[in-house]
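Structural characterization, general
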Amino acid sequence: ASPMPVPALRPSATDGVFAAALNTLVLEREIRSGVADGQFEMHFQPIVRLASRRLAGFEALMRWRHPQRGLVPPSAFIPVAESSGLIGDLTGFALAEVGRVLPELMLGALHNPRHIDGPLFLSVNVSGHDLAAASFPQMIADLISQTGIAPGSLKIEVTESLLMKDPERAAEALAGCRRAGLGVAIDDFGTGYSSLSYLSTLPVTTLKIDRAFVRTLLVDQTSRRIVQTVLRLADELEIPVVAEGIEHAEEADLLTEMGCAFGQGYLFGHPAPLEAAIMTIREWNVVDRSLQAKAS
Ligand code: C2E
Ligand code: MG
Ligand code: MG
Ligand code: MG
């Protein structure tokens with residue numbers, strides 16, 4: 001017998017409105033049962049301090065281990081979860097999972113203290129929809145009280161575009177996070193309808209420059225100017241910056257020269273399940289990550 005057909009995850013241009021709607025319904029149902037079945041998991045990607053190329057922390061990134069579709073990236077299910085009201089369940093899972101594994105992740109990384117620069121943090125993505133939910137502050141408070149996590153070691157990442165949908169509500173929720181001691185990072189900075197004014201009103205502790213700018217940094221003068229401008233602005237506001245999507249040593253070196261404090265990308269490590277993420281740090285080869293300019 002042939003296997004059951006699995007509908008495409010994302011509607012193609014030729015699918016039509018009906019097929020797209022059907023896809024969304026199928027996905028919604030599958031997300032719901034996937035949460036119940038424990039099909040979701042968190043992977044962890046290292047974030048380094050660029051000056052030393054040592055570990056500063058991790059970002060937790062969600063994956064869906066689907067029984068038929070395999071490992072599904074968040075771009076294929078987060079938007080549906082957001083539009084169907086299921087995102088709260090996924091965020092609840094993410095926060096609980098992060099709380100559960102944080103001690104193990106930190107201890108595992110500390111096994112190789114030569115590779116660590118400063119107190120380690122863990123960043124977790126939340127949706128703008130979560131920030132608007134009345135239950136969000138309690139979710140954060142529960143995480144801290146139930147796990148005994150040092151709030152300073154946790155950061156909430158939220159994308160710029162979703163913040164702008166309800167800026168006042170978001171500002172309130174983020175202020176709550178800050179009061180609880182958590183860090184607040186603006187994700188994908190530069191890609192949304194950036195309103196620079198919110199940087200002075202929101203309690204932001206980190207800016208993450210989107211991969212789109214890093215990817216073109218070496219070849220595109222405009223990207224370089226934008227990154228330079230963001231770095232200057234952040235410096236004025238005394239907000240540290242993380243550059244996302246660093247794949248090449250030359251990008252890391254240039255960003256270091258430009259004064260960017262933190263870097264994240266395949267050059268330093270891919271997102272990986274807990275055990276693998278810990279192994280990456282233990283086996284990190286400092287020479288591989290050292291400044292190319294200095295090495296040559
Ligand atoms: P993000 O928060 O900006 O995460 C960075 C994305 O860039 C991740 O994609 C990561 O795997 C990818 N990345 C990191 N370094 C490199 C690199 O060097 N090259 C390339 N090409 N990509 C790199 P991922 O894991 O597919 O996540 C995509 C987005 O989905 C995230 O973007 C975030 O907005 C969202 N997301 C992920 N996990 C969660 C979650 O638990 N909750 C919510 N609400 N959103 C999540
Ligand atoms: Mg993020
Ligand atoms: Mg990002
Ligand atoms: Mg992104």
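Everything that follows concerns the structure shown earlier in this document.
Reading guide: rules and limits
- Residues numbered from 1 in each chain as written.
- Chains lettered and ligands numbered in written order.
- Predicted model: local features only at pLDDT ≥ 70, side-chain atom pairs only at ≥ 80, totals over all residues.
- Heavy atoms only, no water.
- Donors = N, O, S within 2.8 Å, 3.2 Å for Na, K, Ca; no water.
- Helix = DSSP H or I, 4+ residues; strand = E, 2+ residues; numbered from the N terminus.
- Buried < 20%, exposed > 50% of the residue type's maximum accessible area, 1.4 Å probe, protein only.
- Salt bridge = Lys/Arg side-chain N within 4 Å of Asp/Glu carboxyl O.
- Phe/Tyr/Trp six-rings, centres within 6.5 Å; stacked < 30°, edge-to-face > 60°.
- Lys NZ or Arg CZ within 6 Å of the ring centre and 35° of its normal.

Listed as protein donors to the magnesium ion (ligand 2) are E59 (OE), N125 (OD1), E157 (OE) and D187 (OD); their distances from the metal cover 2.0 to 2.2 Å. Mapped onto the sequence, the residues coordinating the magnesium ion (ligand 2) show the spacing E-x65-N-x31-E-x29-D. Separating the magnesium ion (ligand 2) from the magnesium ion (ligand 3) is a gap of 4.3 Å, bridged by D187, which donates to each. Here E59 is found in strand β2 (residues 54–66), whereas its partner D187 is found in strand β6 (residues 183–189), with 128 residues between them in sequence. Looking at D187, the relative accessible area reads 5%, which means it is buried.

The full count for this structure, using the stated rule, is 8 salt bridges. Measuring nitrogen to oxygen at the nearest pair gives 3.0 Å for the salt bridge that ties D253 to R53. Placement of the pair is D253 in helix α11 (residues 249–257) and R53 in the loop between β1 (40–49) and β2, with a sequence separation of 200 residues. The class of D253 is buried, set by a relative accessible area of 9%. The shortest N-O distance in the salt bridge between E97 and R100 comes to 2.8 Å. In this pair, E97 and R100 are both assigned in helix α3 (residues 87–110), 3 residues apart and thus about one turn of the helix distant.

Let's shift gears to the packing of aromatic side chains. Scanning the model with the defined rule gives 4 aromatic pairs in all. With a centroid separation of 5.0 Å and an interplanar angle of 20°, the aromatic rings of F40 and W64 are classed as stacked. Residue F40 is located in strand β1, and its partner W64 is located in strand β2; the two are separated by 24 residues in the primary sequence. Neither F40 nor W64 differs from the other in exposure class; each is buried. Ring geometry for F40 versus F77: centroids 5.3 Å apart, planes at 70°, classification edge-to-face. Of this pair, F40 sits in strand β1 while F77 is found in the loop between β3 (70–72) and α2 (78–83), placing the two residues 37 residues apart along the sequence. Judged by its relative accessible area of 6%, F40 falls in the buried class. These aromatic residues form a ring-pair network of at least three members: F40, W64 and F77. Sitting above the plane of the F121 ring, K155 keeps its charged end 3.7 Å from the centroid. Of note, K155 hangs over the ring of F262, and the distance from its end group to the ring centre comes to 5.7 Å.

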